[in-house]
Amino acid sequence: MARKLSLLAQHMANALPHSLLNGAIVPTNDARISPLDRGFLFGDGIYEVVPVYAGKPLRLTAHFDRLQDGLDALEIANPYSRARWAELVHELIASNGGGDMGVYLEVSRGAGKGRDFLPEPDMQPTVFGFCFPITPPKPELLARGIAAATLEDIRWQRCDIKSIALVGPVMLKMEAKRRGADEAILVRGERLAEGSSSAVFVVKNGRIATPPASHERLPSITRLVVGDVLDALKLPLEVREVRRGELPAADEIWIASSTREALPVTSLDGKAVGEGGPGPVWRRVFDEFQALKQREAG
Ligand code: PLP
């Protein structure tokens, strides 16, 4: 267990010294937001996490597309043009010295005069961004894989929106940790939804499957990257509903997210997945993923 926790700890990265607040780069420790901000009071906002390698964001356009979709769904006017967003993200990365990092971006509906459920007219959204270091997965993590627990999805019915209201995944992550797992794999009855903060892939007899886009899951950008990786490897991907029963029978399970790339799940609910170690298909995906990073952002 102690060893498991130490591998987990590598994902906990502190904020870097410079942040973005409403169009200005400020010291992270000095950034202040009103307690009447609707992000704080209602979780009324959306966010993005963009991976950056060698100072260059990966798939920034796709992240901006999803940001726009989230703002449209919440009927929040986007405060910036695409060009201005890109400028601000690059300024934020540069202010923190470039290199490899994750960029967190949040847009809330802004601060009101009080606490009404219905937003006031003409609210000014709050924009906050900060960076945190990301490191490539450690060799021992790649050699051993991660543990996951299957949990019923207790989140809401619009998981396609990258909402900042994350108390569901927080509770699910705490429960997964209590079970000695690094990630919760969520099911809705007999259907695989997604990871509590990741997309999920399953491999059986060499066939790779991942569930389709729906209101039950976030349109993961890393899932698209893994799709491109599989194309490059000429490995077909089946996009279809995955039954809960397929999980314990899988040869391989992977999770994918912006800050964790694609990681092999080698134990599910305390039982070995496949042979109990990272599988051969995942290994090919991992190597090609590194090559793609080099090509696109290296
Ligand atoms: N699904 C959920 C619920 C997530 O929170 C995340 C990432 O945080 C993902 C999937 C993976 O999305 P992405 O690949 O865009 O990081």
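The shown structure was predicted, so the numbers you read here are calculated from the model rather than taken from an experiment. (Residues numbered from 1 in each chain as written. Predicted model: local features only at pLDDT ≥ 70, side-chain atom pairs only at ≥ 80, totals over all residues. Heavy atoms only, no water.)

You can see Arg109 is positioned in the loop between β5 (101–108) and β6 (126–133). A polar atom in the side chain of Arg109 sits 2.9 Å from the backbone oxygen of Leu74. One polar contact links the side chain of Arg109 to the main-chain carbonyl oxygen of Glu75, over a distance of 3.3 Å. Arg109 has contacts with Arg38, Asp44, Leu74, Glu75, Ile76, Pro119, Met123, Gln124, Pro125 and Thr126, leaving out every residue within four places of it along the chain. (Helix = DSSP H or I, 4+ residues; strand = E, 2+ residues; numbered from the N terminus. Polar contact = N/O pair within 3.5 Å; in protein donor to acceptor, adjacent residues only side chain to side chain. Contact = heavy atoms within 4.5 Å.)

Time to look at the site of the ligand. Neighbouring residues of the ligand: 16 residues in total, closest Arg66, Glu194, Ser220, Thr222 and Ser258. Here an oxygen atom of the ligand sits 2.8 Å away from a polar atom, N or O, in the side chain of Arg66. For the ligand, an oxygen atom lies 2.5 Å from a polar atom in the side chain of Thr222. For the shell around the ligand, the secondary-structure elements that each account for two or more residues are β9 (191–195), α7 (221–232) and β13 (252–257). (Near = heavy atom within 4 Å.)

Here we take up the nonpolar core. Soluble globular proteins tend to bury their nonpolar side chains together. Of all hydrophobic cores here, the largest spans 52 residues; its most connected members are Ile185, Ile208, Val226, Leu247, Ile253, Trp254 and Val285. Residue contributions to this core peak at seven residues, all from helix α9 (residues 280–297). If you count residues domain by domain, this core takes at least three from each of domain 1 (9–133) and domain 2 (139–297). Formed by 24 residues, the second largest nonpolar core is a distinct cluster that contains Leu67, Leu105, Val127 and Cys131. (Core = buried A, V, L, I, M, F, W, Y, C linked by side-chain atoms within 4.5 Å. Buried < 20%, exposed > 50% of the residue type's maximum accessible area, 1.4 Å probe, protein only. Domains from an automatic or database assignment.)

Taking strand neighbours across the sheet as the criterion, the six strands line up as β2-β1-β6-β5-β3-β4 in an open arrangement whose pairing is antiparallel. The open sheet is flanked by β2 (24–27) and β4 (56–57), the only strands paired with a single partner. As judged from the four bridges shared by strand β1 (residues 18–21) and β2, these two strands associate in the antiparallel manner. Bridge pairing in β2 links Ser19 to Val26. Taken strand by strand, helix α3 (residues 60–74) contacts β3 (45–53), β4 and β5, and its axis lies near 175° from that of β3. (Pairing = 2+ DSSP bridges. Axes fitted to C-alpha atoms, helices over the stretch in contact; angles between N-to-C directions.)

Okay, the packing of α3 against helix α4 (residues 82–95) next. For the pair α3 and α4, interaxial distance at closest approach is 11 Å and the crossing angle is 120°. One element, α3, and the other, α4, form an angle in the oblique class. Considering the relative orientation of α3 and α4, their crossing is right-handed. Residue-level contacts link Leu60, Thr61, Phe64, Asp65, Leu67 and Gln68 of α3 to Arg82, Trp85, Ala86, Val89 and His90 of α4. Residue composition of the contact of α3 with α4, by class: six nonpolar, three polar and two charged. (Parallel < 35°, antiparallel > 145°, perpendicular 65-115°, else oblique. Left-handed = near helix turned anticlockwise from the far one by under 90°. Nonpolar A, V, L, I, M, F, W, Y, C, P; charged D, E, K, R; others polar.)

Parsing the protein into structural domains produces domain 1 (9–133) and domain 2 (139–297). On the domain 2 side, the residues contacting the 25 residues of domain 1 number 23 residues. Ranking the residues of domain 1 by area buried against domain 2 places Tyr47, Arg59 and Arg66 at the top, with a combined share of 34%. Our count for the contact surface shared by domain 1 and domain 2 stands at two salt bridges. Salt-bridge contacts for Arg59 lead to Asp228; the nearest nitrogen and oxygen are separated by 2.8 Å. Between domain 1 and domain 2 we count eight residue pairs in polar contact (both at pLDDT 80 or more) in total. The set of elements that each furnish at least two residues to the side of domain 1 that touches domain 2 consists of β3, α3 and β5. Residue contributions to the side of domain 1 that touches domain 2 peak at seven residues, all from β3. Among the residues forming the side of domain 1 that touches domain 2, the class breakdown is 12 nonpolar, seven polar and six charged. (Buried area = accessible area lost by both parts, 1.4 Å probe. Salt bridge = Lys/Arg side-chain N within 4 Å of Asp/Glu carboxyl O.)

So, on to the pattern of salt bridges. Scanning the model with the defined rule gives 26 salt bridges in all. Between Arg38 and Asp44 there is a salt bridge, with the nearest N and O atoms lying 2.8 Å from each other. Asp44 matches Arg38 in its accessibility class, with the two residues each being buried. Of the charged contacts in the structure, one is a salt bridge between Glu87 and Arg84, with a shortest N-O distance of 2.5 Å.

Bringing a nonpolar patch on the surface into the picture now. A surface patch of nonpolar side chains, about 540 Å² in accessible area, is lined by Ile154, Leu166, Val167, Val170, Met171 and Met174. Among the secondary structure elements, Val170 is positioned in helix α6 (residues 167–178). (Patch = residues over 30% accessible without salt bridge, like charges linked within 9 Å, V, L, I, M, F, W, Y side chains within 5 Å. Areas by Shrake-Rupley, 256 points an atom, 1.4 Å probe, with all protein chains shown as cover.)

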